[in-house]
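Structural features, examined
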Number of protein chains: 2
Amino acid sequence: MKPTLQDVADAVGVSRSTASNAYSRPDQLSAALRAKILDAARRLGYPGPNPTARSLRRGFVGAIGVLFTSELSYAFTDPFAVRFLAGVSRTAERHGTSLLLMPLPADRARVRSVVENASVDGFCVYCVGDEEWVLQAIRDRGQPYVTTAPRADAGPDDRYVGIDERAAARSVADHVAALGHRRVALLADTVLPGAPPGPLRLAGPGDAPHPTTRGRLTGFADAFAAVGVAWPALTLLNATANSRAAGAAAVAEVLAGDEPPTAVLACSDVLSLGVLDMLAAAGHRPPHPISVTGFDDIAEAAAAGLTTVRQPAEEKGRLAAELLLEPPTTPADGHRLLPTDLVVRTSTGPVPGS
Amino acid sequence: MKPTLQDVADAVGVSRSTASNAYSRPDQLSAALRAKILDAARRLGYPGPNPTARSLRRGFVGAIGVLFTSELSYAFTDPFAVRFLAGVSRTAERHGTSLLLMPLPADRARVRSVVENASVDGFCVYCVGDEEWVLQAIRDRGQPYVTTAPRADAGPDDRYVGIDERAAARSVADHVAALGHRRVALLADTVLPGAPPGPLRLAGPGDAPHPTTRGRLTGFADAFAAVGVAWPALTLLNATANSRAAGAAAVAEVLAGDEPPTAVLACSDVLSLGVLDMLAAAGHRPPHPISVTGFDDIAEAAAAGLTTVRQPAEEKGRLAAELLLEPPTTPADGHRLLPTDLVVRTSTGPVPGS
DNA sequence: ATACAGTTCTGAATCGATTCAGAAGGGTGA
DNA sequence: TCACCCTTCTGAATCGATTCAGAACTGTAT
């Protein structure tokens, strides 16, 4: 059996309290005795205070949990998520805090169990939609958390860091509209759960359940409504995942149709890269014959010449972790809206023939 | 104060043991009583058994620690590391185990403290060199661990998953040598700690302290020795980090010199992409006037037409986690060597004028 | 000599659960 | 009716530390 603090104390002939102090409160005992204790510990092969026991007694753990809607491996696959995490980890590093990356299972029961069993001091909830039960599980757990978007059910103490999705989306859509495009398609990931890839009917952008998607679609719609193109005239395309392949699959049908859109506005760069792939396969390169826009401005976007909206990914992660680890003094400080920038590159151009 | 299990037990009028069983051993009590307990818990706002206390009593945590030599954020910046992590997380997911990503501080004292304070059941040590004290800290902690390369100081019970670095490096160097290249440069990250970017003198490849670098440089050297080019005739270039920029900076000087190498062999794709950047800035595109090779075969390598050595990144992560979570029955099963493939693309070609 | 202040160390309570041997009660077969 | 087994539940020990009030001792000022 591994030795415990008690064994060390016994070996030296002091009380357990003193042995404990040798580790966590050196000022509470003489240097000589402390050296003796540490020495005995080394001799006995005592690995230092058990972190679990210490956490239990102290009441905190020294780690924060990062929750993802999708499977954990997604976190490492999506470039935006990766940069977000880099930001979170930077702050955590500074606080000597570890990150517990947590997969979020699909079914509600297991979500609860995952949240309830995590040894953490708080949660950073990334990319979770309106699945209120996830948040509820965390609240029931009674620990602080921060989300990456304002929530419909937000309480006054809720903390979040986000962007103005609607305005950001509108900025890129305004750009596309100004180029003369009127027959456009909007492309989003999982507009409705379980929906097949390709065109999808929705009464309005507000019907998209995921708040981020909803915000962006609404922003797109705003811009076209302003130039006289109402929602029903916009083609909504559903992708079954946030990946290049899913983006490509989602546009395949309409691109092959008789009246393809003159522009595709995607809710993420990854999706729009899929659109570029699909066009490239047909020997096309935007903006001819179709303009394409993305969202996020990941590294690949620049290389692909993609017109997109930049949001500060690392900054977002950094701030999220700060909100968690450096609790805001007033509730109002718990909300942060980050700026976004329209980045115009070569994937957008005037409507052909205009 | 948050209610505890005792409060729930009291509220229902049962013993704490029974309340505990309601959560962790449902077969130990009648369904009716269990429902009553769970109900009372809900009413009281009891968040379920405290994970820390549970871990303490049960003796395990349900998480494994992933250790990085460099700062944590690096993990999300290096594409190879990201894919490795994706593999680890896939296995962890299957085991219902979380990943604790752990930054590894530069100084020894803090390394010990990080390792000693982590609440985990084992460690996956990624990309750590011969810093034996890191491993020693883990061993002292008395927990299982797996490394991503065989170690000089490996005990019989050590577990690792790696590749034959030397042979893999040799395969790509053989390819370059066969193309006629004799005046070549080898590019590696942090050959010697603190060394400046650019040319570096080393008595032999075996003098590189980091085992991975040492293995690859040795493989490169083997190939050229076989065609009559001895080590001192090879130019060794040091990069100060594993990044594109560092790769570019490392080759700047020799490329601008009178007798630039006809080929640059890098120890990672990221570095070689930096070389491509530098060449592109001068209006060149390999293999003219210089051939370039990488190592790892990350996603960007294909797009860049980079000749490289593929190693199965995700597979490596997957196996590492399995070695940890599904302990090998015999010590021999604790070692895995993964296959590598030479991937010839367009960045290598015959020596100009041959 | 007395009082008071520091320093160093100890004892006991505590963090919040799990576990296991055994008690209590009900049912079955002989 | 007795013995025996099951199911259901309890009591007490336990996991490995931290913490805090106070004991013991030393030293200094009055």
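In this report, we go over the structure that sits alongside the text. Not measured: the values here are computed from a predicted model.

**With respect to the nonpolar core**
If you look at the biggest cluster of nonpolar residues, it comprises 146 residues, and the most contacted ones within it are L187(A) and L187(B). Counting residues in hydrophobic clusters, the runner-up holds 33 residues, among them A118(A), F123(A), I138(A) and L67(B).

**Some remarks on helix α14 (residues 313-325) of chain B**
Residue and element names in this part refer to chain B. With 13 residues, α14 ought to run about 18 Å at 1.5 Å a step, and its terminal C-alpha atoms sit 19 Å apart, in line with that. Where α14 is concerned, the buried positions are A313, K316, G317, L319, A320, A321, E322, L323 and L324. The elements touched by buried residues of α14 are β1 (63-68), α6 (79-94), β3 (123-126), β4 (145-147), β5 (159-163) and β12 (335-338).

**What to know about the sheet that holds strand β9 (residues 263-266) of chain B**
All names here are of chain B. Across the sheet, 5 strands lie side by side as β7-β8-β6-β9-β10; this open sheet has mixed pairing. The sheet terminates laterally at β7 (198-199) and β10 (291-293), the two strands that pair on one side only. Inspection of the sheet shows β9 paired to β10 by 3 bridges, in the parallel sense. Bridge assignment links L265 to a residue of β10, and that residue is T293.

**Overview of the protein's contact with DNA strand C**
Within the structure, DNA strand C sits among 26 residues, and T18(A), L5(B), S20(B), Y46(B) and R57(B) are positioned closest to it. Restricting the count to atoms of DNA strand C within 4 Å of the protein gives a sugar and phosphate share of 58%. Here a base nitrogen of DNA strand C and a side-chain polar atom of R16(B) are 2.9 Å apart. Here a phosphate oxygen of DNA strand C sits 3.0 Å away from a polar atom, N or O, in the side chain of R54(B). Every element with two or more residues in the surface near DNA strand C is listed here: α2 (16-24) and α4 (51-58) of chain A together with α2 (16-24) and α4 (51-58) of chain B. Residues belonging to the surface near DNA strand C are distributed by class as follows: 9 nonpolar, 11 polar and 6 charged.

**What to know about the packing of helix α9 (residues 165-178) of chain A against helix α10 (residues 211-226) of chain A**
Residues and elements named next belong to chain A. Two elements in contact, α9 and α10, have axes whose closest approach is 7 Å; the angle formed by their N-to-C orientations is 35 degrees. In this structure, the crossing between α9 and α10 has a hand that is right-handed. Across the interface between the two elements, E165, R166, A169, R170, V172, A173, D174, V176 and A177 from α9 touch T212, G215, R216, T218, G219, F220, D222, A223, F224 and A226 from α10. Here the contact of α9 with α10 is built from residues that sort into 9 nonpolar, 4 polar and 6 charged.

**What about the protein's contact with DNA strand D?**
Lining the immediate environment of DNA strand D, one finds 26 residues, of which L5(A), S20(A), Y46(A), R57(A) and T18(B) sit closest. Within the side chain of S17(A), one N or O atom sits 3.3 Å away from a base oxygen of DNA strand D. At a separation of 2.6 Å, a phosphate oxygen of DNA strand D approaches a polar side-chain atom of Y46(A). Listing elements by their share of the surface near DNA strand D, those giving two or more residues are α2 and α4 of chain A together with α2 and α4 of chain B. Classifying every residue of the surface near DNA strand D by side-chain character gives 9 nonpolar, 11 polar and 6 charged.

Definitions and cut-offs
- Residues numbered from 1 in each chain as written.
- Chains lettered and ligands numbered in written order.
- Predicted model: local features only at pLDDT ≥ 70, side-chain atom pairs only at ≥ 80, totals over all residues.
- Heavy atoms only, no water.
- Core = buried A, V, L, I, M, F, W, Y, C linked by side-chain atoms within 4.5 Å.
- Buried < 20%, exposed > 50% of the residue type's maximum accessible area, 1.4 Å probe, protein only.
- Helix = DSSP H or I, 4+ residues; strand = E, 2+ residues; numbered from the N terminus.
- Expected span 1.5 Å × (residues − 1).
- Contact = heavy atoms within 4.5 Å.
- Pairing = 2+ DSSP bridges.
- Near = heavy atom within 4 Å.
- Polar contact = N/O pair within 3.5 Å; in protein donor to acceptor, adjacent residues only side chain to side chain.
- Nonpolar A, V, L, I, M, F, W, Y, C, P; charged D, E, K, R; others polar.
- Axes fitted to C-alpha atoms, helices over the stretch in contact; angles between N-to-C directions.
- Left-handed = near helix turned anticlockwise from the far one by under 90°.

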